[in-house]
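These are the residues of each chain, in order.
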Amino acid sequence: MNILVTGGAGYIGSHTCIELLQAGYNVVVIDNLYNSSSQSLKHVEKITGKKITFYELDIRDKKALNKVFEENCFDGVIHFAGLKAVGESVKKPMEYYNVNVYGSFILAELMKKFGCKTLVFSSSATVYGEPNVIPIKEDFPLSPKNPYGRSKLMVETYLRDIFLENESWHIGILRYFNPAGAHESGLIGEDPNGIPNNLLPYISQVAVGKFDKLKIFGDDYKTHDGTGVRDYIHVVDLAKGHLMALEALSKKSQILTLNLGSGRGQSVIDMVKAFEKASSKKIPYEIVNRRLGDIPASYTDTTFAEKILGWKPKYDENKICEDAWRWQQNNPSGYE
Ligand code: NAD
Ligand code: UFG
C-alpha cells in the first residue's frame, strides 16, 4: 500500500511516517521544508531501516504535485502540510488561507483526478473555540476564534461537501488536542523555529538552558490550580491514531470526524512538575498576564475515537516529558 504524506518532514508527520513504515506501508513524502528539515526523514529511515521517497515541493504547486501523482499510485493520503501558529495567523491571514485552504483544494482535486479517494486530514481542537462544557465531544458547536482555526474549519466544510457530492470517498477528519513528546529513540522530535509558542518545547528549552524561566500565562483561571488546562497527547499515540484511522477508512466509504487527545486535562503547573521529574531539572517560572485568545480549559472525550478506531492512548504526561527531554538533550539545536 502506498501512502502520500504531505508535510511528512514536520513534527507529527515524521512520527506518523515511522508508524506507517513499521506497519509495512510504502511512504512518499512531499514537503517544502518551510517549517522542517529533511534530516527528520533521514532519522525516520534510520529508526525504521526503510526508505522514504521524498519530493521537496510546495503543495500549491499543482504541476509539481501532478507529477508526483503520475509517478506514484497512491492508496491513500495523510495531509499534514500547513501553517499552524495561531498568533501568526492573525498577522498573516492571507498566507494561512492560501496554504491551508488552497493547498487542500489542490490536493483534493488531484486525488479526484487520479482516483485516490482516501484522505486523512489534520484538523485541530481549535475549531471548537471556547467550549461551554468539557470534555469536548465531536458534535459540539464549532466556533474557531482565529484565522488558523477558521482555515481548518473551511477545509473540513470543503471535505464534507466533496463527500456529499460523491459518497465513494473515505475521509477522516482528525481534530488533535495538544500533541507533545517525541519518539523514544531521541532521534526525532519537535523543532520549532525561533521562540517556541507551545508549552512543552518552551519548558524543554528552559531545561536545556536556552531560556532562564518559563512565563506562565495567568494563574487566575477557574481550574484546579488557576493555570490553563489542556489535553496533552503523546505524538506517538497520535501517529498510531492516523494508522488506525486509515485502517478504519479502508473498510467502507464514509466521512469520519474524530477528536484525538488523551482525555485528561493537565494544568501548566502539572506539566512543569512532570518535566522536573523527568529531567531532574528545576524549571523556574514566573506568572505573567493571560495570553490573548487563550481559553481556561480544554480536553476531549475519547469515547468516540475509542469506539470507532479501537484507539486508546498509551502514554501519560510523564512519558511525554521523558521523551521530550531525551530529544531536547540529544539535539539542543534541533535538526541543525
Ligand atoms: P509542522 O509545522 O511540524 O509540520 C507541517 C509541515 O508542513 C512542515 O514540515 C512544513 O514544512 C510543511 N509545509 C508547510 N507549508 C507547506 C506547503 N505550502 N507545501 C508543502 N509543505 C508545507 O506541524 P505539525 O505540528 O507536524 O502539524 C501538522 C498538522 O497538524 C498541521 O496541519 C497542523 O495545523 C495540524 N495540527 C497541529 C497541532 C500541533 O499543536 N502541533 C495541533 C492541531 C493540529
Ligand atoms: N503556556 C504558558 N506559557 C508558554 C506557553 C504556553 O503558560 O510559554 C500555557 C498556555 O497559556 C496554555 C497552555 O500552556 O494554557 C498550552 O499552551 P500551548 O500554546 O502549548 O497550546 P494551546 O492549547 O494554546 O494551542 C495548541 C496549538 C494550537 C491548537 C490548539 C488546540 O498551538 O495550534 O493547541 O489543538 F489549535
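Structure: see above.
Residues numbered from 1 in each chain as written. Chains lettered and ligands numbered in written order. Predicted model: local features only at pLDDT ≥ 70, side-chain atom pairs only at ≥ 80, totals over all residues. Heavy atoms only, no water.

**Student:** Sorry if this is basic, but what is going on with the state of the cysteines here?
**Tutor:** A covalent bond between the sulfur atoms of two cysteines is what we call a disulfide. In total, this model carries zero disulfides according to the counting rule given. Between Cys17, a free cysteine, and Cys116, which holds the nearest cysteine sulfur, the sulfur-to-sulfur gap is 16 Å. There is no disulfide at Cys116, and the cysteine sulfur nearest it, in Cys73, is 8.0 Å away. Residue class for Cys116 comes out buried when judged on its relative accessible area of 3%. (Disulfide = S-S within 2.5 Å. Buried < 20%, exposed > 50% of the residue type's maximum accessible area, 1.4 Å probe, protein only.)

**Student:** What should I look at first to understand the environment of Lys84 in this one?
**Tutor:** Examined against the element boundaries, Lys84 turns out to sit in the loop between strand 4 (76-79) and helix 4 (86-91). Given a relative accessible area of 43%, Lys84 falls into the partly exposed group. Taking the C-alpha atoms as reference, Lys84 lies 6.6 Å from Tyr148; in sequence the two are 64 residues apart. (Helix = DSSP H or I, 4+ residues; strand = E, 2+ residues; numbered from the N terminus.)

**Student:** Just checking my understanding: could you explain the pairing of strand 2 (residues 26-31) for this structure?
**Tutor:** Regular strands place side chains that alternate from one sheet face to the opposite one. Strand 2 sits mainly inside the fold: five of its six residues count as buried. Two elements, strand 1 (residues 2-6) and strand 2, share five bridges in a ladder whose sense is parallel. Bridge pairing links Leu4 to Val28 in strand 2. Read from strand 1 through helix 1 (residues 11-22) to strand 2, the crossover connection turns out right-handed. (Pairing = 2+ DSSP bridges. Right-handed = clockwise from strand over helix to strand, strands pointing away.)

**Student:** Honestly, the site of ligand 2 in this entry has me stumped. Any pointers?
**Tutor:** Taken together, 22 residues lie near ligand 2, and Asn198, Lys215, Arg230, Arg291 and Asp294 sit nearest. One of the backbone N or O atoms of Phe177 is found 2.9 Å from an oxygen atom in ligand 2. Between ligand 2 and Asn197, the relevant distance is 3.4 Å, taken from an oxygen atom to a main-chain nitrogen or oxygen of the residue. In isolation ligand 2 offers 690 Å² of accessible surface; the protein chains occlude 88% of this area. (Near = heavy atom within 4 Å. Polar contact = N/O pair within 3.5 Å; in protein donor to acceptor, adjacent residues only side chain to side chain. Areas by Shrake-Rupley, 256 points an atom, 1.4 Å probe, with all protein chains shown as cover.)

**Student:** What am I meant to see in the site of ligand 1 here?
**Tutor:** Close to ligand 1 lie 28 residues; Ile12, Asp31, Asn35, Ser36 and Tyr148 are nearest. The side chain of Asn35 places a nitrogen or oxygen atom 2.7 Å from an oxygen atom of ligand 1. Broken down by secondary-structure element, the contributors of at least two residues to the shell around ligand 1 are helix 1, strand 5 (118-124) and helix 6 (147-165). Looking at the shell around ligand 1 element by element, the count peaks at three residues for strand 5. Counted by class, the shell around ligand 1 contains 14 nonpolar, nine polar and five charged residues. (Nonpolar A, V, L, I, M, F, W, Y, C, P; charged D, E, K, R; others polar.)

**Student:** Whenever I open this one, the environment of Pro144 confuses me. Can you help?
**Tutor:** Tracing the chain through its elements places Pro144 in the loop between strand 5 and helix 6. For Pro144, a relative accessible area of 12% corresponds to the buried category. Residues Pro144 and Ser124 lie 20 residues apart in sequence; the distance between their C-alpha atoms is 9.7 Å. For Pro144, the contacting residues outside a window of four places in its chain are Thr126, Val127, Gly129, Gly149, Arg150 and Leu153. (Contact = heavy atoms within 4.5 Å.)

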